[in-house]
Amino acid sequence: MPSFIIFTTNQFSMHLPKKATPAKCGAFSLLFAIMFFTYHQSQSQINGTYDSAFVGGLKKEALTIVGGKEKMAQEMVDMVFSFGELGFQEFETSKYLTGILEKNGFTVERGVSGIPTAWMAKWGSGSPVIALGSDIDCIPKASQKPGVVYKDPIVEGAPGHGEGHNSGQAVIIIAAIAVRDLMIKNHIPGTLVIWPGVAEELLGSKAWYIRDGYFKNIDACIFTHVSGGFSVGYGDPGMNGLVSVKFSFDGEAAHAASAPWRGKSALDAVELMDIGWNFKREHLKPTQRSHYVITDGGDQPNVVPSKASVWYYFRERTYEDIQSMYDAGIQIAKGAAMMTGTQVHYQILGTAWPGHFNKPLAEAMYTNIKAVGMPAWSDADRQLAVAVQKLVDAPKIDEEGKPVGGLKDKPDTLTGSVPFSWGGGSDDIADISWNVPTIVLWYPANVPGTKGHHWADAIAMATPLAHKGTLAGAKATALTLIDMFTNPKLITAAKDYFTNVQNKDVHYKPFITANDPPSIFLNKEIMEKYRPEMKKYYYDPSKYKTYLDQLGITYPTLEKK
């Protein structure tokens, strides 16, 4: 449908007054201008669908706007990297991000779901309502100077972004601001909602957002996560879901040498539970993943421990199998308590479903990924990548059988449901995916082949490599937002897939209840210990062009001098 109209001379004269005085001609000219503008506006939107030429123009403008925000991307990525905050303690990060959003016209609700660092930011009005999310927390003991390809922590023992969560909010915020500008300019209705994945490494927030109704009126969700590639998928990607549970045992203290028979060791109960669980592994499916850490093992050896605790992750491929593992863990804990004469109680600290993502939305995103293409990597970027891969002894091929070597020059292919999975990692974006049509954009801001959850994963995350990959992710996100706001059929198709394919036989059942509070106490002591020293290294963009400049790092630094 054309977005313009041509009147011939005869057509124009047919509507002139018979006695065309100058005043009447002037009035008619004004009327004609209004009619022309109204027609022009109406042609770009017929029955809620915008014509392809109009949408193409919007996308071209969006790429220009996002491409002009290189400095903003660099500052946001570097700033959040410098904060290095663990889950539930992302106070500086949240303050910084919400400040940017409020300056750009978003209204912010803070403290959602009883989590002090969680928030929801909204702009616009009407439908569709599109949510954009990305995680903000980091990894324990992962402090690392960016661009330096050997272990060199900024603060020894401190947390750091050894996953790359410092980059995702820049992706979605930059995309949202660009699309907001175009929506205002072109009178396009719709609502943007931006939110953070708080404590994703603990699987500690998204199920609570769902429980508390924050996604009830959302039409669709785009989530973003750092990667070594540029991709999106749909269906079941082969992830495990999980329940994260802390088991705490209470016993009785006694002198461990003179009267041990008068004590009841909580540590004995923890150790017996761990032994029992390790025997249980033989009788679990090979798709399970289970792991634990003893978070409290007593005070000192000459005191029978009156308190001890152990923290478990129970992972499996289906809700039923996760629940079965959780139930087995509870029974083994009770058995350990009976053997030691102690008492046990347990608390869910986090949870995630196995994921399932939306096909129509993924197809739209993939088209836009191909349109954006991979960043133009510099020689320095490539040198860094090869050196990091050597440092971490990266595999020669990835899980899909593709070679791992340096940086990727082409986007990955669109992927669907895996036919089978031996199990693997978890992400609580899956809980949102079972309640709202959702996709995950994997954008190329880190080095392929790294270990994950390791200090070496932080090496690239405040460098030009990360800045370029983040901006590429923002471009793909902006283009997909335009599709979602200008093509109602896309949202309809996404909801149809969500209802009639994804939820046809499987339905979401939460692991948490109204009585399960978020675990906001986690990581508090660690951050209180390290934050005073970490503050000395917060990025100051008013003085330094980049965080590399502030730290005095030559990019890349491949060897110790």
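Structural notes, computed from the coordinates. Note that the structure is a prediction, hence the values are computed from the model and not measured.

Scoring rules and cut-offs
Residues numbered from 1 in each chain as written. Predicted model: local features only at pLDDT ≥ 70, side-chain atom pairs only at ≥ 80, totals over all residues. Heavy atoms only, no water. Helix = DSSP H or I, 4+ residues; strand = E, 2+ residues; numbered from the N terminus. Expected span 1.5 Å × (residues − 1). Buried < 20%, exposed > 50% of the residue type's maximum accessible area, 1.4 Å probe, protein only. Arc of directions from axis to C-beta. Contact = heavy atoms within 4.5 Å. 1 Å grid on protein atoms, 1.4 Å probe; cavity = no way out; pocket = protein on both sides within 12 Å on 5 of 7 lines; lining within 4 Å. Points joined across faces, edges and corners; volume = space filled by probe spheres on them. Nonpolar A, V, L, I, M, F, W, Y, C, P; charged D, E, K, R; others polar. Phe/Tyr/Trp six-rings, centres within 6.5 Å; stacked < 30°, edge-to-face > 60°.

**Here's the deal with helix H14 (residues 488–502)**
Between the first and last C-alpha of H14 there are 20 Å, a value that for 15 residues agrees with the 21 Å anticipated at 1.5 Å per step. For H14, the set of buried residues is Leu490, Ile491, Ala494, Tyr497, Phe498 and Gln502. Buried residues in H14, looked at end-on, bunch into an arc of 120°, giving them a common side. In H14, those exposed residues whose orientation departs by more than 90 degrees from the buried face are Lys489 and Thr492. Residues of H14 that are buried sit in contact with strand E5 (129–135), strand E7 (220–227), helix H10 (359–372), helix H12 (429–433) and helix H13 (464–486).

**Comments concerning empty space enclosed by the protein**
Tallying each qualifying case throughout the model produces three cavities of 30 Å³ or more. Space inside the largest cavity adds up to approximately 110 Å³. Lining of the largest cavity is provided by 16 residues; of these, Ser82, Ser143, Ile154, Pro159 and Met534 occupy positions nearest its centre. The biggest single contributor to the lining of the largest cavity is helix H4 (residues 70–83), with three residues. Residue composition of the lining of the largest cavity, grouped by class: ten nonpolar, six polar and no charged.

**Digging into the packing of aromatic side chains**
Counted according to the given criterion, the structure contains 22 aromatic pairs. Both rings, one in Phe81 and one in Tyr547, keep their centres 6.0 Å apart while their planes meet at 65°; by these two values the pair is edge-to-face. Here the residue Phe81 occupies a position in helix H4, and Tyr547 occupies one in helix H16 (residues 547–551), the gap between them amounting to 466 residues. Per residue, the accessibility class of Phe81 equals that of Tyr547, and both read buried.

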